[in-house]
Amino acid sequence: MNPTKQHIASDNYSGICPSALEYLHRANDSGHDLPYGEDIWTAKASDKIREIFEKDDAEVFFVFNGTAANSLALASLCQSYHSVIAAETAHIETDECGAPEFFSNGSKILLAPSVNGKLSPAGIETLVTKRSDIHYPHPKVASVTQATELGTVYTADELKEVCSTAKKHKLKVHMDGSRFSNAVASTGLSPADLTWRCGVDVLCFGGAKNGMPLGEAVVFFQKELAEDFAYRCKQAGQLASKMRFISAPWLGILESGVWLENAKHANRQAEKLEAMLKKIPGITIMFPRQANSVFVQMPEPALQKLKDAGWRFYTFIGVGGARFMCPWDCSDQIINALAADIKNAIEG
Ligand SMILES: *Cc1c(COP(=O)(O)O)cnc(C)c1O
């Protein structure tokens with residue numbers, strides 16, 4: 001039984017972290033302000049993102065969620081007859097209900113086989129060079145997820161290789177950074193070293209899973225790629241009129257450094273959970289654990305026992321198995337209780 005008030009099925013079951021909440025209140029207490037992102041909080045949060053990424057001319061936009069961030073970013077890089085190359089496990093393919101295709105008016109996602117959730121240079125190469133005729137949806141973007149859907153993290157060298165292969169074929173590079181903070185925490189590298197310095201053109205920087213109430217930042221590292229992006233957001237219903245209530249909490253987690261602290265904590269808890277689960281015979285850890293999730297294979301009856309005991313977890317993500325995802329405020333109590341119940345489920 002889960003004796004806590006937390007969940008470990010996904011990091012979006014979590015609440016709002018104190019710094020985000022504090023700035024939400026500050027923005028509210030400071031009185032009225034301009035709508036549609038013309039306010040002081042949005043300006044400051046955008047500046048802070050430029051500072052953290054060491055990129056003065058980056059363009060920043062705040063949208064409500066990750067599906068919109070990814071879809072609109074991809075749509076801005078593609079014409080309808082273009083295609084986006086992604087790993088077969090990519091969220092844009094499996095969990096966005098066709099939104100990238102919808103918002104781009106038909107740009108097709110081409111899937112590359114992946115190992116541990118990563119898009120490989122060879123995967124890009126194969127799909128780009130497979131055909132060059134008029135009948136094939138012309139590849140225009142390579143999309144990577146950092147950290148990946150399987151809880152692994154690209155090294156800077158891996159990203160550089162992906163990006164240079166993409167650039168060789170004139171593709172832009174999009175990064176789904178729903179858990180970008182966890183990747184920064186995991187690698188110890190700077191945000192710049194994990195993005196534009198490798199060749200990433202646009203990052204969808206995740207907030208919700210990092211302790212924000214909601215809201216993701218779309219960061220274009222090349223100004224010209226952001227042309228007309230504001231219109232795209234508006235048309236898609238993603239331009240918040242009271243934008244400051246998305247951007248102020250962003251400023252809160254960025255100014256305090258909590259965005260990274262939260263991610264470090266989540267990763268650490270997953271590391272502890274992994275260590276406990278590794279000791280249980282009959283359990284297989286499925287992928288190298290590099291961020292805040294642990295994927296395990298265990299006998300079907302044990303999975304059922306865990307479900308009967310009230311644990312929530314997903315088994316449809318990636319390539320099967322049970323995924324346990326540590327949130328920013330993940331307690332020791334929940335991982336201890338989960339590990340104990342898994343042990344019982346397998347042994348009993
Ligand atoms: C959670 C998540 C998103 C964002 O999903 P929304 O529910 O639309 O906010 C995007 N990519 C990945 C890999 C995710 O895990």
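All values derive from a computational prediction rather than experimental measurement.

Points about the site of the ligand
In step 1: Within the structure, the ligand sits among Asn65, Gly66, Thr67, Asn70, His91, Glu96, Thr145, Glu149, Asp176, Ser178, Arg179 and Lys209.
In step 2: A distance of 3.4 Å separates a nitrogen atom of the ligand from a polar atom in the side chain of histidine 91.
In step 3: Aspartate 176 has a polar side-chain atom sitting 2.6 Å from a nitrogen atom of the ligand.
In step 4: Protein chains bury 81% of the 390 Å² of accessible surface belonging to the ligand in isolation.
In step 5: Broken down by element, the shell around the ligand gets its largest block of residues, three residues, from helix H3 (residues 66-77).

So, the domain arrangement of the chain
One widely used convention gives an interface's size as the accessible area the parts lose upon coming together.
In step 1: As assigned here, the chain comprises domain 1 (18-255) and domain 2 (262-347).
In step 2: Tallying the contact residues gives 19 residues for domain 1 and 19 residues for domain 2.
In step 3: A buried area of about 1,400 Å², summed over both sides, lies between domain 1 and domain 2, and 57% of it is on carbon and sulfur atoms.
In step 4: Among the residues domain 1 hides against domain 2, the three largest losses belong to Leu150, Arg179 and Asn182. Together they make up 33% of the total.
In step 5: Where domain 1 meets domain 2, there are zero salt bridges.
In step 6: Counting across the domain 1 and domain 2 interface gives six residue pairs in polar contact (both at pLDDT 80 or more).
In step 7: The leading source of residues in the side of domain 1 that touches domain 2 is helix H8 (residues 180-187), at four residues.
In step 8: For the side of domain 1 that touches domain 2, the residue count by class is five nonpolar, nine polar and five charged.

Remarks on the state of the cysteines
In step 1: This structure, assessed with the given rule, holds zero disulfides.
In step 2: Cysteine cysteine 78 remains unbridged, with the sulfur of cysteine 204 as its closest cysteine sulfur at 13 Å.
In step 3: Take cysteine 78: its relative accessible area is 10%, and that puts it in the buried class.
In step 4: Take cysteine 97: it sits in no disulfide, and the sulfur closest to it among the cysteines is that of cysteine 204, at 18 Å.

Structural notes on the packing of aromatic side chains
In step 1: What the rule picks out here adds up to 14 aromatic pairs.
In step 2: Residues tyrosine 23 and tryptophan 41 carry aromatic rings whose centres are separated by 6.3 Å and whose planes lie at 80° to one another, so their mutual orientation is edge-to-face. Of this pair, tyrosine 23 sits in helix H1 (residues 18-29) while tryptophan 41 sits in helix H2 (residues 40-52), and the two are 18 residues apart along the sequence.
In step 3: With a relative accessible area of 11%, tryptophan 41 lands in the buried category.
In step 4: Three or more aromatic residues joined by ring pairs make a cluster, and in this case those are Phe53, Phe62, Phe180, Phe205, Phe221, Trp250 and Trp259.
In step 5: Note that arginine 26 overlies the ring of tyrosine 23, its terminal NZ or CZ placed 4.3 Å from the centroid.
In step 6: The cationic tip of lysine 55 hangs over the ring face of tryptophan 196; the distance from NZ or CZ to the ring centre is 5.0 Å.

So, the pairing of strand S7 (residues 216-220)
In step 1: When you tally the buried positions in S7, you get five out of five residues, the bulk of the element.
In step 2: Here S7 shows two buried faces, one formed by Glu216, Val218 and Phe220 and the other by Ala217 and Val219.
In step 3: Sheet topology note: the strand S1 (residues 59-63)/S7 ladder contains five bridges and is antiparallel. Counted as the bridge partner of valine 60 is valine 219 from S7.

Parameters at a glance
Residues numbered from 1 in each chain as written. Predicted model: local features only at pLDDT ≥ 70, side-chain atom pairs only at ≥ 80, totals over all residues. Heavy atoms only, no water. Near = heavy atom within 4 Å. Polar contact = N/O pair within 3.5 Å; in protein donor to acceptor, adjacent residues only side chain to side chain. Areas by Shrake-Rupley, 256 points an atom, 1.4 Å probe, with all protein chains shown as cover. Helix = DSSP H or I, 4+ residues; strand = E, 2+ residues; numbered from the N terminus. Domains from an automatic or database assignment. Contact = heavy atoms within 4.5 Å. Buried area = accessible area lost by both parts, 1.4 Å probe. Salt bridge = Lys/Arg side-chain N within 4 Å of Asp/Glu carboxyl O. Nonpolar A, V, L, I, M, F, W, Y, C, P; charged D, E, K, R; others polar. Disulfide = S-S within 2.5 Å. Buried < 20%, exposed > 50% of the residue type's maximum accessible area, 1.4 Å probe, protein only. Phe/Tyr/Trp six-rings, centres within 6.5 Å; stacked < 30°, edge-to-face > 60°. Lys NZ or Arg CZ within 6 Å of the ring centre and 35° of its normal. Pairing = 2+ DSSP bridges.

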